[in-house]
Each structure stands twice: as structure tokens, then as C-alpha cells.
Amino acid sequence: MIAITARQLREIKTPFYFYDVELLDKTLQLAVREAKRHDFHLHYALKANANPRLLEIIRERGLGADCVSGNEVEAAIKSGFPAGSIVYAGVGKSDEEIRLALQQEISCFNCESFPELEVINDIAGAMGKTARVSLRVNPNVDAHTHHYITTGVEENKFGFPVDDLEQAVNRCRELPNIEWTGLHFHVGSQITDTSVFRSLCERVNEIQRGIAARGLVPSRVNFGGGLGVDYDDPDARPVPDFAAYFQAFADSFERLPGQQVHFEPGRPVVAQCGSLVTRVLYVKEGKNKKFIILDAGMNDLIRPALYQARHRIENISALLDEPLEPYDVVGPVCESSDCFGKAVPLPVTTRRGDFFAIRSCGAYGEVMASRYNLRPIAPSRFSND
Ligand code: LLP
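Residues numbered from 1 in each chain as written. Predicted model: local features only at pLDDT ≥ 70, side-chain atom pairs only at ≥ 80, totals over all residues. Heavy atoms only, no water.

**Student:** Help me understand the site of the ligand, please; the structure alone is not making it clear to me.
**Tutor:** The environment of the ligand is made up of 19 residues, and the closest members are Ser189, Glu264, Arg303, Tyr307 and Tyr364. Glycine 226 is positioned with one of its backbone polar atoms (N or O) 3.1 Å from an oxygen atom of the ligand. Contact distances for the ligand include 2.7 Å between a nitrogen atom and a side-chain N or O atom of tyrosine 307. Surface burial for the ligand is 92%, taken as the share of its 580 Å² of free accessible area covered by protein chains. Here the shell around the ligand is built from residues that sort into 7 nonpolar, 6 polar and 6 charged. Each of domain 1 (6–13 + 272–382) and domain 2 (21–271) gives at least three residues to the shell around the ligand. (Near = heavy atom within 4 Å. Polar contact = N/O pair within 3.5 Å; in protein donor to acceptor, adjacent residues only side chain to side chain. Areas by Shrake-Rupley, 256 points an atom, 1.4 Å probe, with all protein chains shown as cover. Nonpolar A, V, L, I, M, F, W, Y, C, P; charged D, E, K, R; others polar. Domains from an automatic or database assignment.)

**Student:** Honestly, helix H8 (residues 194–212) in this entry has me stumped. Any pointers?
**Tutor:** Residue pairs three or four apart in sequence face the same way in an α-helix, which turns once every 3.6 residues. If you check H8, its first and last C-alpha atoms are 27 Å apart, about what 19 residues at 1.5 Å a residue would give, namely 27 Å. Val196, Phe197, Leu200, Cys201, Val204, Asn205, Ile207, Gln208 and Ile211 are the residues of H8 that are buried. (Helix = DSSP H or I, 4+ residues; strand = E, 2+ residues; numbered from the N terminus. Expected span 1.5 Å × (residues − 1). Buried < 20%, exposed > 50% of the residue type's maximum accessible area, 1.4 Å probe, protein only.)

**Student:** Hey, could you run me through the packing of aromatic side chains in this one?
**Tutor:** Given two aromatic rings, one states the distance between the centres and the angle between the planes to describe the pair. Under the defined criterion, the tally for this structure stands at 18 aromatic pairs. Their ring planes at 80 degrees and their centres at 5.1 Å tell us that phenylalanine 223 and phenylalanine 253 sit as a pair that is edge-to-face. Taken together, the residues span a long stretch of sequence, with phenylalanine 223 in the loop between strand S9 (220–222) and helix H9 (242–252) and phenylalanine 253 in the loop between H9 and strand S10 (260–263) at a distance of 30 residues. Under the relative-accessibility criterion, phenylalanine 253 is labelled buried at 7%. Judged by centre distance (5.1 Å) and plane angle (75 degrees), the rings of phenylalanine 246 and phenylalanine 263 are edge-to-face. You can see phenylalanine 246 sitting in helix H9 and its partner phenylalanine 263 sitting in strand S10, a full 17 residues away along the chain. Phenylalanine 263 carries the same exposure label as phenylalanine 246, and that label is buried. Every member of this aromatic cluster is reached through a ring pair, and the members are Phe40, Phe185, Phe197, Phe223, Phe242, Tyr245, Phe246, Phe249, Phe253 and Phe263. (Phe/Tyr/Trp six-rings, centres within 6.5 Å; stacked < 30°, edge-to-face > 60°.)

Honestly, it's all geometry; don't read function into it.
Written as C-alpha cells, this is what we have:
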């Protein structure tokens, strides 16, 4: 159940994103506690959700920031994240974005290609600065997740191929305005099988041994994000298993003396605290099935249409023990892909005006909203309003 009050429902136009800030804070406390056990550093991935109210809570719990655009760097700074806690990745950083990040003196760039290294060096030189750079390596480890959110296999655009790494480190050392700080990895998102993280560690151990033999020792290793959440049963597992996640790295990564270990969690921090609250516009009888047409659409939450993602859908106006029947739950957008779920068991009494919650929408929900069909951007509300 979501922690919304009857008053909040009565007063508010739908659809809107609703955030349970108490759950967010609990999640953060657990993540920080488990990371501290191993002296791991956390940078929250703003791409998952950059809502200023949430950023403030995340910053207060002491996480750093992981950004993928100049605007995200600015949003992190504006929310009070110390510049020294900000890392910045992305295959296509523009000159303007690089300049901004240097100006702000962020902790480090996660650099993805040779031409990018040259451009960062040139811009840093012109500004009289030194850019700290970690090299993003594509370790060719399959994350066994949806192919749109797999990033660490050779066919993906991300990172340096392992074979180029030594040359890339040497280039960093030659360039006068670059300080090489270490290695960065991120193999994918919504990973629910911890053996993927163990395989990643083994691959990183191998890569690290290879370059250490040539005297190249990374002072930090950043493992990116990727820990999955339970979309099927968010109430059973509202907080992801950070303990097992970090333990996998503590057990399998051969950390070198004095080496810093970093992570960039996005989804596991914010996914479960958010719901998209929407109202039933119509219940429609199709030829062989019934449709529930909501006032939220794929422009508000694109994950089901884009990744075939399943989110739990609940009628929060109905009584708990109503008999159920299957419905296709769709939005008003003029596309057949505007469908949140097929044959979803929902109360037979479902009718126009009922409130629905689409659960686990805190990550990659609000941030991916669009104005398609000229629909408005849904506002956000918070459990402590
Ligand atoms: N670090 C890097 C370099 C990343 O590319 C990502 C996510 C993260 C960290 C955070 O990963 P997380 O902890 O959230 O798994 N829109 C898709 C997910 C795209 C993920 C992109 N990169 C979705 O809705 O499933």
C-alpha cells in the first residue's frame, strides 16, 4: 500500500508522482550503513530521479552525486552536493559541459574515449586546470537484463575496450592537464542476479592485474550502479538487499592497498519510494477483454512501453477483498504501446473515478516524462506535505 492520505487524494489533480519520503530515508540509511561496513563510497545517480526534494534528502544522508550531463552537474551543485563528491560520465560530453564541470572542480570525469581525453585535456589547459579522470572500461560482462539497459558488452557504445586500456592510461599520463585517478565500470541496470556482480569483480581483478604488472595502479575503482529492485512485490521488499550487494564486492573484488571503491546507485535508492497516482477515466468492454483507461499515459511513465517493464498496478479506491478479474490497463495516448499491463487482476467493481497507484516508479519515471500528445508534465507530491 502507498502511504497517501485521503485528503491528499481529494485535493489533487491526477496524474501525479507521489513519493514516500520516509521510505526513501530508510533506504538511504540502510545503503549508507552497508556501504560504510566496507568503506565504500556512494554517488547517487541523478539520472534515476533529479527531483530537488529527493536530492535534498539524499544529499543530507551524505551520498555524493553521479551525473551524466552538465545540467545534472548543475542540479547536484544547486542541491548542495559538494563538488568534490561529483563524478561525471557519458559518451558525449560537450565542450560547454566539460568547461562547466572543470569550473565547478568536480571530483572526476569518467572518460569514455580517446578523442574525449584529448578534448578534456585541451579545455583544462585553456582554463589553467587539471582534470581528474577515471577511465570507463567496457569489461564485456553480460548483465542478463533487458538489452536496452545492458551497457557492458562489446556491442555497446560505452567505455574503452579492455585491449585499449593500457594505451589509454599511458595517454592520460602523457597529457599535461590530466591526472589519471582510476577505473570505472557499469555493466547494466535492474540486475537481480548477484552472480553478475561476482563475474564483474573477477573480470576487474583480471584487468587490474594486467595493468598493475606494467606499474599502472588505479587509486580508485568505481563499479557504477545496477542493483535491481522487486517490481512484482514492492511491499515485500521495499528496500533492496544492499547488504548482499556490497558483500559480493567485498568478497570477490581484490582491493589493492589504499584503493578507494565507489558505487553509483540510482534505481535501488529511489525506485520503491515513488508511485504514479492516476484515476480511472473509463472502463471499456472490448470484444474479448475489458480495458481500464487511466488518465496517466506513456508520456508520464514510459518504462512499460520502452522496456516491456512490469510495474505493480493497484486500485487504491477498492476494498482489499473484492473479487478480481483481468483487465488490460492502458493510458489515453494515441499509441497501442501506451499500455501499463495486460490481463492484470483487478477488482470487478473498478469504475470511473477510482484512484490507481502504479508502483515502483521512483526511478526512471518522472525524469523520463515527456510532453507527447501535448500532455502536461505530471507534478510531484510528497508523503510529508
Ligand atoms: N552509473 C552509470 C554509468 C549508469 O549508466 C547508470 C544507469 C547508473 C550508474 C545507475 O544505475 P542504476 O543503479 O539505476 O541501475 N531508464 C532505464 C535505466 C537506464 C539506466 C542507465 N544507466 C530504466 O528505466 O530501466
